[in-house]
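Structural overview for review
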Amino acid sequence: MPLLWHDYLRNQETGARYLSYSIHPAIRKVILESDRWAKLEINAFPKFSCKYTARLYPRLVLMAQRHPIFVKKKPAWTTKPEELAELIGYRYKGKFHFGNFQARCLDPVKSDINAHVKRFNMRWDPVRGSGRGSPVTHIEITTNTLGKSHAGSLAEAPKVPLDGEGYERLHQAIQEGTDKYHRIMPSTELVRAAATRMECDVEAVVQRWRAALLSAANRSDSTIPDTTMMGYQLMSLMHDDGPGYAFERWVRSLVKPEMVIKEPRPHSNIVWIKYDGTQSHERAQTVVHNIEPPVQSLSPSEELALCDLNHDHWREMRRPLYEDECDALVGAFAYLRDDFSVSHRKNFLAGLDKIMDRTHPADRGKKIKTMADAKVKELRSLNL
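1. Some details on the confidence of the model for the protein chain
Here the protein chain shows a mean pLDDT of 78. Residues at 70 or above account for 80%. Ranking the helices and strands of the protein chain by mean pLDDT puts helix α4 (residues 81-87) first, with 94, and helix α11 (residues 281-288) last, with 39. In the model, residues 146-152 has pLDDT below 50 throughout and makes 19 contacts with residues more than four positions away in sequence or in other chains.

This is the structure:
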């Protein structure tokens with residue numbers, strides 16, 4: 001079944017011809033109703049040397065992106081070798097032989113994943129039964145994201161569209177400058193993706209990156225302006241991992257200014273102060289300290305609705321969060337939606353609002369993760 005349909009249309013009055021695209025209704029239904037998604041690294045597929053790697057990789061991605069809570073409950077995927085062989089279409093003649101399966105599938109897949117996938121490692125361990133030769137009865141497959149960089153994540157992010165003139169301006173901005181760092185630039189695609197995340201044009205991205213390099217070179221023991229990164233950290237990344245990865249880490253370390261919200265947020269009577277360099281964060285704190293957190297007056301149904309990271313109330317809060325911080329919050333909300341935790345919702349939601357209103361943006365994610373992990377631990381003990 002084609003994923004995308006196309007048709008030719010013609011304007012009878014002007015004679016203009018068009019291509020029309022649409023998604024098959026069955027495909028649209030699957031996309032809209034699915035609640036499990038895996039973010040694949042498309043650049044890894046051409047590098048796989050084993051044909052079974054591409055068949056198993058999406059399942060491994062789903063495992064790798066699980067929340068730590070569920071990883072602790074079920075850290076490994078346990079399956080029989082024959083069942084795994086059938087799942088990935090491994091063909092063999094006669095009786096199934098585990099040694100051949102290991103040599104032709106398991107080991108090559110492991111090598112491919114660990115060599116070409118950037119977000120996680122994979123390992124498999126045999127579970128042997130009793131009997132002659134201790135035959136392998138099951139396989140335990142685990143994924144591990146520790147120690148793996150997220151290089152490439154920015155390259156896969158949405159990019160600011162550029163026409164020919166836009167690319168010309170970008171290349172001109174890259175060529176400008178007289179210092180020794182002015183040409184140490186990432187690819188144009190990374191700059192376009194960074195412009196989307198930083199909500200500015202590509203020329204501004206180039207200028208801010210060049211300023212960050214100069215700051216890191218001149219004051220290595222100081223924090224780079226508008227970031228949580230030290231100068232020596234950026235220079236070390238440049239030396240060890242290259243300008244592309246150093247640029248991504250710099251983009252992720254940028255501290256976003258206070259959001260501009262003229263009106264109270266949904267279910268809130270808190271008015272945020274615009275941060276434009278003239279109005280200080282302390283002034284905003286002075287205002288919100290005298291206002292009662294909005295969740296104190298919510299009904300149980302409204303509290304339940306707020307236990308969703310996609311709720312408008314948390315829209316601006318979740319954007320600068322790192323992946324592990326966001327996962328911790330999702331896990332806490334999952335527990336808070338259960339009936340037994342009704343009494344815990346109000347305190348937790350009020351705590352989130354307190355962090356939002358009284359904590360500097362650079363420190364929010366860390367505090368949110370700490371509070372979410374503590375609440376999950378508490379609720380898990382109650383659920384036992």
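On we go.
2. Here's the deal with the pairing of strand β5 (residues 136-144)
Judged from the three bridges that link them, strand β3 (residues 77-79) and β5 form a sheet pairing that is antiparallel. Counted as the bridge partner of Thr 79 is Ile 139 from β5. The sheet contact formed by strand β4 (residues 121-128) and β5 spans eight bridges and is antiparallel. Across the sheet, residue Met 122 finds its bridge partner in β5, namely Thr 143.

3. Some details on the pattern of salt bridges
Opposite charge on two side chains makes pairing possible when the charged atoms of those side chains draw close. Scanning the model with the defined rule gives nine salt bridges in all. Measuring nitrogen to oxygen at the nearest pair gives 3.1 Å for the salt bridge that ties Glu 33 to Lys 29. Of this pair, Glu 33 and Lys 29 are both found in helix α1 (residues 25-33), four residues apart, which corresponds to roughly one turn of the helix. The salt bridge partner of Glu 189 is Arg 192, with a shortest N-O separation of 2.9 Å. You can see Glu 189 and its partner Arg 192 sitting in helix α7 (residues 188-198), three residues apart, about one turn around the helix. Using a relative accessible area of 30% as the deciding quantity, one classes Glu 189 as partly exposed.

4. A few points about the sheet that holds β5
With antiparallel pairing, three strands are arranged side by side in an open sheet as β3-β5-β4. Each having just a single partner strand, β3 and β4 make up the two edges of the open sheet. With strand direction ignored, the average angle separating the axes of adjacent strands in the sheet is 20°. Set on the sheet, helix α2 (residues 53-64) makes contact with β3, β4 and β5; between it and β5 the angle comes to about 60°. Taken strand by strand, helix α5 (residues 98-116) contacts β4 and β5, and its axis lies near 155° from that of β4.

About the criteria used
- Residues numbered from 1 in each chain as written.
- Predicted model: local features only at pLDDT ≥ 70, side-chain atom pairs only at ≥ 80, totals over all residues.
- Heavy atoms only, no water.
- pLDDT = per-residue confidence, 0-100.
- Helix = DSSP H or I, 4+ residues; strand = E, 2+ residues; numbered from the N terminus.
- Contact = heavy atoms within 4.5 Å.
- Pairing = 2+ DSSP bridges.
- Salt bridge = Lys/Arg side-chain N within 4 Å of Asp/Glu carboxyl O.
- Buried < 20%, exposed > 50% of the residue type's maximum accessible area, 1.4 Å probe, protein only.
- Axes fitted to C-alpha atoms, helices over the stretch in contact; angles between N-to-C directions.

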